[in-house]
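Residues per chain are reported as follows:
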Amino acid sequence: MTRFLPRTAPPIRAGGLVAATALLLAAAPPTAASAAPTAAAPVVALGGPAQTALHPYAEGGDGPKRSTARITVTGADDTAYEGEFTVTFDLTGAAGVADVAFAPEAGIECAATAPGSATCTGHGISPGRSTVTDLLLTATEGSEQGDTGTVRVTGEARGAAFTPFTTEVTVGGPDLVMHRLPFDHEPVPGQQQQAPITFTNRGSRAAEGVVLTLRHSRGLDIPQRYSNCAYTTDGAWTTARCTVEGAFEAGATYTLAAPLTLRTTDRAYRDIFGYGIHEAGASAGTARGATAARAARGPGGGSDDVLRAVPAPRPMAARALDLEPGDNEHEADFRTENTADFVAYGDTASGRAGATVTARLGFRNDGPAWIGHLRSGESVAAVDFTVPQGATVTSAPEGCRGVSAEGTALPTGRTGPAPRYVCPTPATVRDDGGLDLAFGLRIDEVLLGAVGRVVVRGPEPRAAGLPFDPDPGNNAARVVLNGESGGASPAPPEGPGDDAPGTPGPATPTPGEAGAGGTAAPGAVPNTATGNGGSLAATGSSTARAASGLAVAALTAGLVLFTAARRRRGA
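Residues numbered from 1 in each chain as written. Predicted model: local features only at pLDDT ≥ 70, side-chain atom pairs only at ≥ 80, totals over all residues. Heavy atoms only, no water.

(A) Molecular detail of unusual backbone geometry. For the bond running from G367 to P368, omega is 10 degrees, close enough to zero to count as cis. Backbone geometry at D432 places phi at a positive 70 degrees, although glycine is not the residue there. With respect to the helices and strands, D432 occurs in the loop between strand 32 (428-429) and strand 33 (434-443). Phi at N482 takes a positive value of approximately 55 degrees, unusual for a residue other than glycine. Within the secondary structure layout, N482 lies in the loop between strand 35 (476-481) and strand 36 (508-510). (Helix = DSSP H or I, 4+ residues; strand = E, 2+ residues; numbered from the N terminus.)

So, in structure tokens, the structure goes:
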């Protein structure tokens, strides 16, 4: 078997011998591997770009310029496939259009098997998406602009079923290049910056309509709102997708008729603004009417005059190609000097020996900033709960881990309730959000005024501080069982939160006993991150804080673009 290595594999004509790629599946003879899988067989999905644009063939120089199409395989989310697999590439549909070579991943071997066909073999498919190979595509000598072909990808393995995939290759296309904007990356709250979105088409043909995409995190806002933009808010992000009709010619540069305004809000801290440009797809025209209606209904939406100015929908070619898609988008990171006050709260409860009560505890973010670890995805903070003496945890929110009284990991193999629990937040905590937790506590011994401690701190004990928090005195609170009064319990006098009052909520007695252990038992109360774009999963009921809406972002209603400069095709 001939092995084709990355960057050294000879190109293979789609009409002649073809190199290929393989991924996952079956340690069985070919006859067994091709047998139909059982009904319980896992399904493995092959994938990649639906379309790939090829640079037109050029004589001399360094030879034809390559385009890349990454072929992937997506396994079951919770199960790895351990057997051998074979991925087969049928290149006959691209004959005369594309020459193909392969850059397989480590552990995968590819070889030509017949004219216009190739296979790749490997062993083991991990859960989730992984790369099988990169198809290295160049236009065939003699091909012409607009020529189109297909590459069909199939797979087989014993005990697994593959869904096939087909990618289309086309010679020529636009190459939309977004210009990077010169932002001040350390703004102050309230600061406004102009964003004159500008792009160039460096491709070999005009782009038939474009879609401008703007995406910003919660601490930023774009006050303008337009009728040809669709606005969505998802957790910490707001996205505007704006469809602009017209032919954007090769060699020309375009900019907005009026620049956008990017505003740093009072809640900004660590934020991201992304902006990209792509050729419009076939669905862009038909979606435009609904987009305009949504924009009109939203805050600051366009007037009737603006809506009437929106061009009527018209069919567009079903193409969304780009010769170099890696330069279509940019992202800008912003660091704003700001603060967020995380305030811990506890609870009070009373009950007889043997009774089980619910203690509600956690923290709220009194702002003004929202806090998000958007790049790393790490937790923003953690709630550290020490269980009151004389009580045992019968149910803990999912995601909370039991630790020793000193805060160290429990011995390996230990099960059952712990004296202390650490509950991490998601990667974002919105202003007016926080983390609301509920623990089931069994009162084993009635001790008058038994006190548990609640502390909101950094996600790691060695870095327990919250650098953005201006008032560490309110980072601690108490959970009190069988106190002399049902009033609020102040924070413990030692450590963070000295002399700071907690803000306990009501405790609800729960008859009977829940299952013991450091993980949520059936009927466990939830660990809910409120208003922060995510939550720790849980069962049972929860009391969630209302999350404030995210300010909408935007882009051009008439999103009028005009030619700022024009280049020749060869420039």
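That covers the picture; the talk isn't over yet.
(B) Structural view of the side chain of D99. Within the secondary structure, D99 is located in strand 6 (residues 98-104). Under the relative-accessibility criterion, D99 is labelled buried at 8%. A distance of 3.0 Å separates polar atoms of two side chains, one belonging to D99 and the other to T140. (Buried < 20%, exposed > 50% of the residue type's maximum accessible area, 1.4 Å probe, protein only. Polar contact = N/O pair within 3.5 Å; in protein donor to acceptor, adjacent residues only side chain to side chain.)

(C) Layout of the pattern of salt bridges. Applying the stated rule across the entire model yields 12 salt bridges. In this structure, D384 and R420 form a salt bridge, with 2.7 Å as the shortest nitrogen-oxygen distance. Of this pair, D384 sits in strand 28 (residues 382-386) while R420 sits in strand 31 (residues 420-424), and the two are 36 residues apart along the sequence. Taking relative accessible area as the criterion, D384 reaches 5% and is therefore assigned buried. Residues participating in the shared-partner salt-bridge network are E331, D333 and R375. (Salt bridge = Lys/Arg side-chain N within 4 Å of Asp/Glu carboxyl O.)

(D) Quick look at the packing of aromatic side chains. All chains considered together, the criterion is met by 13 aromatic pairs. Here the aromatic cluster, defined as three or more aromatic residues joined through ring pairs, consists of F183, F273, Y275 and F334. A cation over an aromatic ring shows up here: R215 above the ring of W237, its NZ or CZ 3.7 Å from the ring centre. (Phe/Tyr/Trp six-rings, centres within 6.5 Å; stacked < 30°, edge-to-face > 60°. Lys NZ or Arg CZ within 6 Å of the ring centre and 35° of its normal.)

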